[in-house]
Amino acid sequence: MILLGSDYLVFELASGERVPCSAESIVGELIGDGSPACDAEVLEETVRAVFHYFRHDLAREAVTLEEFTRTLEQALRGLAQEMRSCGPRTGLERARSEDLLTLAHAAGGGELFFFAELRRAVQTQLRLTPARVRFCGLRACVKRLLGVRRWCPRCEALRERIVEYLRACVRAHASGECLLVVE
């Protein structure tokens, strides 16, 4: 038996066939050759979040295609509703959204100090708005921390570490349900 990678899920099709897929392959299928209905990066992050939900939160390796599709649709609708409810960004909205690039600069560009700053920022946001924690500037932050100009596999790995760390901080410090938004 071949072990399934942690970034794969097995999709159980109506025909009974079981097909392993990664988040990247699902995003590729959804975007196709045409222009996407929504931002490709937002779609990729949402698909990754749904993968994470099934693989890590529910500890499942297999899902039906219908179940995955329904969950992805709910996540995209929730994200769209969240974005509509925010409306145009005002000064107040920006104050509740922490800029990751600013945190990287404040930490002197080093990862060790950056993660300590990140934890403090999560705790501060949870005191201000306990139902939602929002961070922006993830790509620029990752490139700053690694000292690179172009996105590379090291960037992808650090991006994953930052998102996982944010999830862990929110789980550890939130008193109840909390929405984590990372842009």
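The structure we're discussing is the one just above.
Residues numbered from 1 in each chain as written. Predicted model: local features only at pLDDT ≥ 70, side-chain atom pairs only at ≥ 80, totals over all residues. Heavy atoms only, no water.

Visitor: Looking at this structure, I do not really get the overall build of the protein chain. What am I missing?
Guide: Looking only at helices and strands, one finds eight helices and six strands in the protein chain. Looking at the protein chain as a whole, 33% of its 183 residues qualify as buried. A separation threshold of at least 6 residues defines the contact pool for the protein chain, and within that pool the share at least 24 residues apart is 63%. Only carbon and sulfur atoms are counted for the fraction: they give 55% of the accessible area of the protein chain, which is about 11,100 Å². (Helix = DSSP H or I, 4+ residues; strand = E, 2+ residues; numbered from the N terminus. Buried < 20%, exposed > 50% of the residue type's maximum accessible area, 1.4 Å probe, protein only. Contact = heavy atoms within 4.5 Å. Areas by Shrake-Rupley, 256 points an atom, 1.4 Å probe, with all protein chains shown as cover.)

Visitor: How do you make sense of the pairing of strand β2 (residues 18-22) when you look at a structure like this?
Guide: Here strand β1 (residues 8-12) runs beside β2; their pairing, made up of five bridges, is antiparallel. Its bridge partner being in β2, Leu9 is matched across the sheet by Cys21. Remark: five residues form the turn of the hairpin made by β1 and β2, two consecutive strands paired antiparallel; Gly16 in that turn has positive phi of roughly 95 degrees. (Pairing = 2+ DSSP bridges.)

Visitor: Is there a simple way to explain helix α7 (residues 138-146) in this structure?
Guide: For an α-helix the count is 3.6 residues per turn, leaving residues at separations of three or four pointing the same way. Within the span of α7, buried status applies to Leu138, Cys141, Val142, Leu145 and Leu146. Looking down the long axis of α7, one finds its buried residues gathered within 120 degrees of arc, a one-sided arrangement. In this fold, the buried residues of α7 make contact with α5 (100-106), α6 (111-128), β5 (132-136), α8 (153-173) and β6 (179-182). Immediately beyond the C-terminal end of α7, within one or two residues, lies Gly147, with a positive phi of roughly 70 degrees. (Arc of directions from axis to C-beta.)

Visitor: Got a minute to help me understand the nonpolar core in this structure?
Guide: Side chains of a nonpolar character, in soluble globular proteins, are inclined to be buried together. Counting residues in each nonpolar core, the largest one holds 25 residues, and the members touching the most others are Leu100, Phe114, Leu118, Phe135 and Ile162. Contributing elements (two or more residues each) for this core: α5, α6, β5, α7 and α8. In terms of residue count, the dominant contributor to this core is α8 (seven residues). Once residues within four sequence positions are removed from consideration, Ile162 is found in contact with Phe114, Phe115, Leu118, Leu138, Cys141, Val142 and Leu145. (Core = buried A, V, L, I, M, F, W, Y, C linked by side-chain atoms within 4.5 Å.)

Visitor: So what exactly am I meant to see when it comes to helix α1 (residues 23-31) here?
Guide: Turning to α1, its buried residues number three or more, namely Ala23, Ile26 and Val27. Each buried residue of α1 sits inside an arc of 100 degrees when the element is viewed along its axis, so together they form one side.

Visitor: I tried to follow the packing of aromatic side chains on my own but got confused; where do I start?
Guide: Geometrically, a pair of aromatic rings is defined through the distance of the ring centres and the angle of the planes. Scanning the entire structure with this criterion turns up seven aromatic pairs. Both rings, one in Phe51 and one in Phe68, keep their centres 5.4 Å apart while their planes meet at 80 degrees; by these two values the pair is edge-to-face. Pair noted here: Phe51 is in helix α2 (residues 40-57) and Phe68 is in helix α3 (residues 65-86), with a separation of 17 residues, a long-range link. The pair Phe51 / Phe68 is uniform in exposure class, with both members buried. Here Phe115 and Tyr165 contribute two aromatic rings whose centre-to-centre distance is 4.9 Å and whose plane-to-plane angle is 80 degrees, an arrangement assigned as edge-to-face. Highlighted residues: Phe115 in helix α6 and Tyr165 in helix α8, separated in sequence by 50 residues. With relative accessibility at 11%, the residue Phe115 sits in the buried group. Sitting over the ring of Trp151, Arg139 keeps its end group 4.1 Å from the ring centre. (Phe/Tyr/Trp six-rings, centres within 6.5 Å; stacked < 30°, edge-to-face > 60°. Lys NZ or Arg CZ within 6 Å of the ring centre and 35° of its normal.)

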